[in-house]
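The chain contents come next:
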There are 4 protein chains.
Amino acid sequence: MKSDGKMKILEAARAIIIEHGIQGATIRGIAQQAGVSTGAIYHYYDSKEAILYDVMDEGLSEIKRIATISLEDKKRFQEIIQEIFDGMQERFKKDAENRLQFYLAHEAMLGNEELKHKFKEKYQDWINRLEAIFVQAYDAKSGPLTRAVATWTMAAIDGMVLQILLHTDTVELKHINQVLEFLLSEGFSHFFKVIHEVPDK
Amino acid sequence: MKSDGKMKILEAARAIIIEHGIQGATIRGIAQQAGVSTGAIYHYYDSKEAILYDVMDEGLSEIKRIATISLEDKKRFQEIIQEIFDGMQERFKKDAENRLQFYLAHEAMLGNEELKHKFKEKYQDWINRLEAIFVQAYDAKSGPLTRAVATWTMAAIDGMVLQILLHTDTVELKHINQVLEFLLSEGFSHFFKVIHEVPDK
Amino acid sequence: MKSDGKMKILEAARAIIIEHGIQGATIRGIAQQAGVSTGAIYHYYDSKEAILYDVMDEGLSEIKRIATISLEDKKRFQEIIQEIFDGMQERFKKDAENRLQFYLAHEAMLGNEELKHKFKEKYQDWINRLEAIFVQAYDAKSGPLTRAVATWTMAAIDGMVLQILLHTDTVELKHINQVLEFLLSEGFSHFFKVIHEVPDK
Amino acid sequence: MKSDGKMKILEAARAIIIEHGIQGATIRGIAQQAGVSTGAIYHYYDSKEAILYDVMDEGLSEIKRIATISLEDKKRFQEIIQEIFDGMQERFKKDAENRLQFYLAHEAMLGNEELKHKFKEKYQDWINRLEAIFVQAYDAKSGPLTRAVATWTMAAIDGMVLQILLHTDTVELKHINQVLEFLLSEGFSHFFKVIHEVPDK
DNA sequence: GATGAATGAGGATTCATTCAT
DNA sequence: AATGAATGAATCCTCATTCAT
């Protein structure tokens, strides 16, 4: 449970980061946005880095991604596919959250080891879930290859989010979705069927 | 054709970024590494950002090279595939350039209009080339769907680069590559064959 | 009401300018003279220019003071005249502030819109006050002509300040003042008497 | 006689100063405008300051101001007045020249002793001429007071030019001119008549 | 708990001038 | 005569962090 003060600071930091990026998130700015003094920040957090870590911790926990799909009740193939598809569509639309995640990922890759570790955990988790979904949906045998497919899928989503944030506009969303639909309904099926026949190199 | 001075600076910047990260890449540091004065830097580049952009641009133009080679002479399918595969492997290794891509994308998202425009152009270009390769390799008919596939492919590569930079280590590279290989040698073939039979919605 | 910190900085800036000129007034120098760190300066002022503007503003608000005093209680003509005269003499002596006025005017002309706006307001204010004094002292009827006289008077003072700063030494101060005295005690009286009889063209 | 190279540089410097002010006039910029290399500048001039001096020398010589009025042929009072008036109107309109002169004056007052000296000479000259005109027009006796009046007049013009350059817009030009007209046709006459009766203090 | 003034090292950038070619 | 690459000290400004009140 976070204290009131911490929550105020976290929320402020989040808002600032979304608007001004990590570089633009200064202690002063966060303090101002939170309506407290700069000194007060240091009552709650030891350093700026600690704040970033907490922002990430909260931020990444919120992001359920496509992994919210319940696996408890056996659903029909078509239903699962549809849910995955809808989940991805939702993800593409969450501009603020995507920015935040992207900024944090960027900060992590700049050398912040703690953040990097946090991301690693999260990706492991996300990919685990995605793999589980694939296993169920496509009746595939869990293994390094299903995991690799999940990894590639996650990568494709991240990369697509990046292009959306950058407004690269290389092709209409309609066609992006057509390909996605094909992949989900046929591509993966084909892959998992074929791949099982191929011996591991 | 880059001047000697520019090359010296680019090489120095790349070296610094690999060793100290982007945050550690200061003008002073780059100048020192390049063995010139700080002022000299500004003889060749208008700003630090221009240098970073050039490092990225220079490094990632690999894609351009591959595209050019592949399309010059009619090669056999297997050869083209191999080149694409190798090109992607190369991309994964370009540590400094990949970091820069995310760093600069970050800047672009924060409102740097010039950068935003450059990224848009760059993605359009990359995806155009990728599409052209696909058209040749898979004997597909150029259209919004081939373009969408190229866009997804680009996205997947970017996303994979992100995971590599974050060291998410969700699965061994061997399996990542197995999936990639399947996609290139069979997946896309299958897709383009099937897709032509499906009418545009 | 200026804070202690601001006053310290303003005084330091004024001292530096008088001794080393505007070019010699660096942030480091001002900070040193004020006995604070360079960073502290930015706690009080947003930019170097803001400091310089404040030094000028503070110094030249003398005019404002005179105007206020004069109009508070009904004074005799001779007294008001004397105050205007003394006020002008004071203005001539404000070396740092006068230099700054020209320095900042220079900046304004080069396209600094904020500064341009400030100058416009300042001149409007000065001339309003001067006009009010004239109206009271010479019992003139407020209107475009009294305003025009105030404008010319302000112009003459500025121009004289310029010549003082340039040390043109075209004539002894004694005679400059004799003419000024005549203007104040007789010239303007004559003008306002005559002008009211002339119909507006 | 100035060499071709010098003339090119001077003209370039002049143009740059008018547009970007003295601070904006860099050796590089001047060289570029003149279409020569930065090094070439130093073939013709020893330093930047030397260029400024020359620009001023040319610039101030060109400015004939109201002093172009010929005193050779005895003109009628009304004619001379009209010429002075017209001369001032012309002066007000020469935006580029006024800027140049103002910028140079500013540079001089920043501590450049050579420029200051040059300005002193010029002001002495201008005021001498103005005084001579007054003596003739108003039939006054040359002396310190006529000189003081000329100095004040010059000051008023400079100050008015400043306000015009700053666009202070305190009053319509029409009324500015009405006051000026009164001064020329009646004010000065009155002054010179009265002043002769007053004994020098 | 809370404030906000103060620190000071470190950042990018500018520019008159020099000099080998 | 002419070039333009190179110099490097100096500029303004930023910001995480500290600490007396």
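The name an unreviewed UniProt entry gives chain A is AcrR family transcriptional regulator, with Anoxybacillus andreesenii as the organism.

Asks: What am I meant to see in the relation of the copies chain A and chain B here?
Replies: To go from the first copy of the chain to the second, apply a rotation about an axis and then a shift along the same axis. Aligned on chain B, chain A shows an RMSD of 2.5 Å; the corresponding rotation is 177 degrees and the shift along the axis is 0.1 Å. Within this description, the copies of the chain are treated as partners about a two-fold rotation axis. Minimal C-alpha distance to the rotation axis in chain A is attained by Ala-156 of chain A, lying at 1.9 Å.

Asks: Mind showing me how you'd approach the domain arrangement of chain A here?
Replies: By a frequent convention, interface size equals the accessible area lost on bringing the separate parts together. Residues and elements named next belong to chain A. Per the domain assignment, the segments making up chain A are domain 1 (1-50) and domain 2 (60-195). For domain 1 and domain 2, the distance between their C-alpha centroids amounts to 30 Å. Taken together, the contact between domain 1 and domain 2 spans six residues of the former and ten residues of the latter. The contact between domain 1 and domain 2 buries some 770 Å² in all, and 64% of this surface belongs to carbon and sulfur atoms. For domain 1, the biggest contributors to the area lost against domain 2 are Arg-14, Ile-18 and Ile-22; these three give 65% of the whole. The interface formed by domain 1 and domain 2 contains zero salt bridges. At the boundary of domain 1 and domain 2, one finds zero residue pairs in polar contact (both at pLDDT 80 or more).

Asks: How should I be thinking about the protein's contact with DNA strand F in this particular structure?
Replies: Close to DNA strand F lie 28 residues; Ser-37, His-43 and Tyr-44 of chain B together with Tyr-42 and Lys-48 of chain C are nearest. For DNA strand F, the fraction of protein-proximal atoms (within 4 Å) that sit in sugar or phosphate groups is 63%. Backbone polar atom of Ser-37 of chain B to a phosphate oxygen of DNA strand F: 2.7 Å apart, as the coordinates give it. Contact between DNA strand F and Thr-38 of chain B: a base nitrogen at 3.3 Å from a side-chain N or O atom of the residue. Among the elements of the structure, helix 3 (38-44) of chain B, helix 2 (27-34) and helix 3 (38-44) of chain C together with helix 3 (38-44) of chain D are those that each provide at least two residues to the surface near DNA strand F.

Asks: Sorry, what's going on with the protein's contact with DNA strand E here?
Replies: Within the structure, DNA strand E sits among 27 residues, and Tyr-42 and Lys-48 of chain B together with Ser-37, His-43 and Tyr-44 of chain C are positioned closest to it. Counting only atoms of DNA strand E within 4 Å of the protein, the fraction found in sugar and phosphate groups is 63%. Contact between DNA strand E and Ser-37 of chain A: a phosphate oxygen at 3.0 Å from a side-chain N or O atom of the residue. Between a base nitrogen of DNA strand E and a side-chain N or O atom of Thr-38 of chain C, the distance comes to 3.4 Å. If you list the elements that add at least two residues to the surface near DNA strand E, you get helix 3 (38-44) of chain A, helix 3 of chain B together with helix 3 of chain C. Considered class by class, the residues forming the surface near DNA strand E number eleven nonpolar, 13 polar and three charged.

Asks: Help me understand helix 1 (residues 4-20) of chain A in this model?
Replies: Every α-helix winds through 3.6 residues per turn, so residues three or four apart in the chain are directed the same way. All names here are of chain A. Taking 1.5 Å as the rise per residue, helix 1 with 17 residues should run 24 Å; its terminal C-alpha atoms sit 24 Å apart, in good agreement. All buried positions along helix 1 are accounted for by Gly-5, Ile-9, Leu-10, Ala-12, Ala-13, Arg-14, Ile-16, Ile-17 and Ile-18. Positive phi appears at Gly-21, one or two residues downstream of helix 1, with a value of about 80 degrees.

Asks: Could you clarify how one ought to interpret the pattern of salt bridges in this entry?
Replies: Two side chains bearing opposite charge may form a pair once their charged atoms approach each other closely. Summed over all chains, the structure comprises 38 salt bridges over all chains. The shortest N-O distance in the salt bridge between Arg-147 of chain D and Glu-131 of chain D comes to 3.5 Å. A residue pair is termed long-range when its members are at least 10 positions apart, and Arg-147 of chain D in helix 8 (residues 144-166) and Glu-131 of chain D in helix 7 (residues 113-138) qualify at 16 residues. Taken individually, Arg-147 of chain D and Glu-131 of chain D each receive the classification buried, so the pair is uniform in this respect. Counted as one network, the salt bridges with shared partners bring together Glu-11, Arg-14 and Glu-97 of chain B.

Asks: Which parts of the structure should I look at to understand the interface of chain A and chain B?
Replies: In this assembly, 57 residues from chain A lie in contact with 55 residues from chain B. Both sides of the chain A and chain B interface together cover about 5,500 Å² of buried area, and 70% of this is carbon and sulfur. Three residues stand out in chain A for area buried against chain B, namely Met-109, Trp-152 and Leu-166 of chain A, and they jointly supply 15% of the buried area on that side. Remark: the boundary between chain A and chain B carries two salt bridges.

Asks: How do you make sense of unusual backbone geometry when you look at a structure like this?
Replies: In terms of backbone geometry, most residues other than glycine have negative phi values and most peptide bonds are trans. Positive phi outside glycine occurs at Asp-169 of chain B, with the angle close to 45 degrees. By the element assignment, Asp-169 of chain B lies in the loop between helix 9 (144-165) and helix 10 (173-195). Phi at His-167 of chain D is positive, roughly 55 degrees, even though this residue is not glycine. When you line up the elements, His-167 of chain D lands in the loop between helix 8 and helix 9 (173-195). The class of His-167 of chain D is partly exposed, set by a relative accessible area of 46%.

Asks: Looking at this structure, how should I read the packing of aromatic side chains?
Replies: In this description, an aromatic ring pair is defined by two values, namely the gap between the centres and the angle between the planes. All told, the structure shown has 50 aromatic pairs over all chains when counted by the stated rule. Taken together, Phe-77, Phe-134, Tyr-138, Phe-188, Phe-191 and Phe-192 of chain A together with Phe-182 of chain B form an aromatic cluster joined through their ring pairs. In this structure, Lys-6 of chain B packs its charged tip against the face of Tyr-45 of chain B, placed 4.9 Å from the ring centre.

Asks: How do you make sense of the interface of chain C and chain D when you look at a structure like this?
Replies: Counting from both sides, the interface comprises 55 residues of chain C and, opposite them, 58 residues of chain D. In total, about 5,500 Å² of surface goes out of reach between chain C and chain D, with carbon and sulfur atoms giving 70% of it. Its largest share of buried area at the contact with chain D, chain C owes to Met-109, Trp-152 and Leu-166 of chain C, together 15% of the area lost on that side. Here Asp-169 of chain C makes a salt bridge to Lys-120 of chain D, at a shortest N to O gap of 3.4 Å.

Asks: Honestly, the packing of helix 4 (residues 48-60) of chain B against helix 8 (residues 113-138) of chain B in this entry has me stumped. Any pointers?
Replies: Each pair of packed helices can be summarised by the angle the axes make with each other and by the distance between the axes. Residues and elements named next belong to chain B. Where helix 4 meets helix 8, the closest approach of the two axes is 13 Å, and the angle between their N-to-C directions is 5 degrees. Regarding the angle of helix 4 to helix 8, the classification is roughly parallel. For the pair formed by helix 4 and helix 8, the contact residues are Glu-49, Tyr-53, Met-56, Asp-57 and Leu-60 on the first element and Leu-115, Lys-118, Phe-119, Lys-122 and Trp-126 on the second.

Asks: Can you walk me through the relation of the copies chain C and chain D in this structure?
Replies: Expressed as a screw transformation, the operator carrying chain C onto chain D has a rotation angle of 177 degrees and an axial translation of 0.1 Å, and the superposed copies differ by an RMSD of 2.5 Å. Most of the interface of chain C is mirrored in chain D, where 98% of its interface residues are also at the interface.

Asks: I tried to follow the side chain of Arg-91 of chain B on my own but got confused; where do I start?
Replies: Note that Arg-91 of chain B resides in helix 6 (residues 77-93). In this view, Arg-91 of chain B contacts Leu-60, Asn-98, Gln-101, Met-154, Ile-157, Asp-158 and Val-161 of chain B; residues no more than four positions away in its chain are not counted.

How each quantity is defined
- Residues numbered from 1 in each chain as written.
- Chains lettered and ligands numbered in written order.
- Predicted model: local features only at pLDDT ≥ 70, side-chain atom pairs only at ≥ 80, totals over all residues.
- Heavy atoms only, no water.
- Least-squares fit on C-alpha atoms with pLDDT ≥ 70 in both.
- Domains from an automatic or database assignment.
- Contact = heavy atoms within 4.5 Å.
- Buried area = accessible area lost by both parts, 1.4 Å probe.
- Salt bridge = Lys/Arg side-chain N within 4 Å of Asp/Glu carboxyl O.
- Polar contact = N/O pair within 3.5 Å; in protein donor to acceptor, adjacent residues only side chain to side chain.
- Near = heavy atom within 4 Å.
- Helix = DSSP H or I, 4+ residues; strand = E, 2+ residues; numbered from the N terminus.
- Nonpolar A, V, L, I, M, F, W, Y, C, P; charged D, E, K, R; others polar.
- Expected span 1.5 Å × (residues − 1).
- Buried < 20%, exposed > 50% of the residue type's maximum accessible area, 1.4 Å probe, protein only.
- Phe/Tyr/Trp six-rings, centres within 6.5 Å; stacked < 30°, edge-to-face > 60°.
- Lys NZ or Arg CZ within 6 Å of the ring centre and 35° of its normal.
- Axes fitted to C-alpha atoms, helices over the stretch in contact; angles between N-to-C directions.
- Parallel < 35°, antiparallel > 145°, perpendicular 65-115°, else oblique.

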